[in-house]
Amino acid sequence: MFENVRQDLRAHQGDWGAQGFWALLVYRFGRWRYEVRPAWLRKLFSLLYKLLYKFVQIITGIELPCEVPIGQNFVIEHSGGIVVSGFARFGDNCRIRNGVVVGLSRVADPCAPQFGDNVDIGAGAKVLGNIRIGNNVLIGANAVVLTDVPDNSIAVGVPAVVKPRKS
């Protein structure tokens, strides 16, 4: 857990005051608590996690449940209005900004997007449904992504149009 926290702090340029770092700190604690034995102590830590999660959610406007697998160097650029479904998955070097929603397209279909490595999600973007976002992808601000996005692409617009990314 502590090495992950150090990496998260480095990814946020050492800024302890970054609200994205706070959310990741609580996230890391939530993941770590699953390893705690005995069960009674794990339950105590689970209660503490739920309180910290709710506190961070209220203060920062970031919902990042500990069930979401995230890769290294995950960065939350700005706080406010960020909602990530517990069914989502993120690769390495992903960046997310304020107003982003990563979630289900329908409540009856509990599947959320799976992100590759080096994905940059612009402010206000909505990425919904059982879709795959490839490696080296840019998602434009306020884009609504409802379909797969292949590697080395850009997704912009409402609904998002996928274009090849120029080198």
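My aim in this report is to walk through the structure given alongside it, one point at a time. Position labels on residues start from 1 in each chain and follow its written sequence. In view of the model being predicted, local features appear only for residues whose pLDDT reaches at least 70, and side-chain atom pairs are presented and counted only at 80 or more, with totals across whole chains, interfaces and linings using the full set of residues. The side-chain values count all of the structure's non-hydrogen atoms but skip hydrogen atoms and water molecules.

Notes on the sheet that holds strand E3 (residues 82-84)
Inference 1: In this description, strands pair whenever DSSP reports at least two bridges between them. Numbering of helices and strands starts at the N terminus; helices are DSSP runs of H or I of at least 4 residues and strands are runs of E of at least 2. Overall, parallel pairing links the five strands, which are arranged E1-E3-E5-E8-E11 in an open sheet. Edge strands, defined here as strands with exactly one partner in the open sheet, are strand E1 (62-63) and strand E11 (144-145).
Inference 2: As paired elements, strand E8 (residues 126-128) and E11 share two bridges and run parallel to each other. When the sheet's bridge partners are listed, Lys126 is paired in E11 with Val144.

Things to note about a nonpolar patch on the surface
Inference 1: Judged by side-chain polarity, Trp22, Phe55, Ile58 and Ile59 come together as a nonpolar surface patch covering roughly 410 Å² of accessible area.
Inference 2: Here Ile59 shows up in helix H3 (residues 39-60). Each patch is built from residues lacking any salt bridge and having more than 30% relative accessible area; the joining distance is 9 Å for like charges and 5 Å for nonpolar side chains (Val, Leu, Ile, Met, Phe, Trp, Tyr). Note on areas: Shrake-Rupley with a 1.4 Å probe; residue coverage comes only from the protein chains shown. Within this document, salt bridges are pairs made up of a side-chain nitrogen of Lys or Arg and a carboxyl oxygen of Asp or Glu, the two lying within 4 Å of each other.

So, the pattern of salt bridges
Think of it this way: side chains of opposite charge can pair up when their charged atoms draw near.
Inference 1: Summed over the entire model, instances satisfying the criterion amount to seven salt bridges.
Inference 2: Between Arg6 and Glu3 there is a salt bridge, with its nearest N and O atoms 3.2 Å apart. Of this pair, Arg6 and Glu3 both sit in helix H1 (residues 2-11), three residues apart, roughly one helical turn.
Inference 3: Here's how the labels work: a residue is buried when its accessible area is under 20% of the maximum for its type, exposed when over 50%, partly exposed in between, all with a 1.4 Å probe on protein chains only. Note on Glu3: relative accessible area 40%, which makes it partly exposed.

Brief notes about the environment of Gly99
Inference 1: Along the chain, the position of Gly99 falls in the loop between strand E4 (95-96) and strand E5 (101-103).
Inference 2: Along the sequence, Gly99 and Lys163 sit 64 residues apart, while their C-alpha atoms lie 23 Å from each other.
Inference 3: The criterion used for residue contact is that any of the two residues' heavy atoms lie within 4.5 Å. Residues contacting Gly99, with those up to four places away along its chain left out, are Gly80, Gly81, Ile82, Gly124, Ala125 and Lys126.

Some remarks on the sheet that holds strand E10 (residues 137-139)
Strand pairs in the sheet, formed through backbone hydrogen bonds, run parallel or antiparallel to each other.
Inference 1: Read across the sheet, six strands follow the order E2-E4-E7-E10-E12-E13 without closing on themselves; strand pairing throughout is mixed. Either end of the sheet is taken by a strand with one partner, and the two such strands are strand E2 (75-76) and strand E13 (161-164).
Inference 2: Pairing geometry for strand E12 (residues 153-156) and E13, over four bridges, is antiparallel. Among the inter-strand pairings, Ile154 is bridged to a residue of E13, identified as Lys163.

Remarks on the packing of H1 against helix H2 (residues 19-32)
Helix-helix packing is described using two parameters, namely the angle between the two axes and the distance between the axes.
Inference 1: Fitting a line to C-alpha atoms yields each axis, with helices limited to the stretch in contact; the angle taken between N-to-C directions then spans 0 to 180 degrees. One way to put it is that H1 packs onto H2 with a least axis distance of 10 Å and a crossing angle of 170°. When the interaxial angle is binned, H1 and H2 end up roughly antiparallel. The crossing of H1 and H2 is right-handed. Contacts from Asn4, Val5, Asp8 and Leu9 of H1 reach H2 at Phe21, Leu24, Leu25 and Arg28.
Inference 2: For the contact of H1 with H2, the residue count by class is five nonpolar, one polar and two charged. Each angle is binned into one of four classes, with values under 35 degrees roughly parallel, values over 145 roughly antiparallel, values of 65 to 115 roughly perpendicular, and all other values oblique. The handedness criterion is simple: a crossing whose near helix is rotated anticlockwise from the far helix by less than a right angle is left-handed, and one whose near helix is rotated clockwise is right-handed. Amino acid classes used here: Ala, Val, Leu, Ile, Met, Phe, Trp, Tyr, Cys and Pro are nonpolar; Asp, Glu, Lys and Arg are charged; the rest, including Gly, are polar.

Side note on unusual backbone geometry
If a residue is not glycine, its phi is most likely negative; likewise, a peptide bond is most likely trans.
Inference 1: Residues Arg37 and Pro38 are joined by a peptide bond in cis, for which omega reads 5°.
Inference 2: Here Pro38 shows up in the loop between H2 and H3.
Inference 3: In this chain, Val158 is followed by Pro159 through a cis amide linkage whose omega measures -15°.
Inference 4: Tracing the backbone through its elements, the reader meets Pro159 in the loop between E12 and E13.
Inference 5: Positive phi outside glycine occurs at Asn142, with the angle close to 65°.
Inference 6: One non-glycine residue, Asn152, adopts positive backbone phi at about 55°.
Inference 7: With respect to the helices and strands, the residue Asn152 is situated in the loop between E11 and E12.

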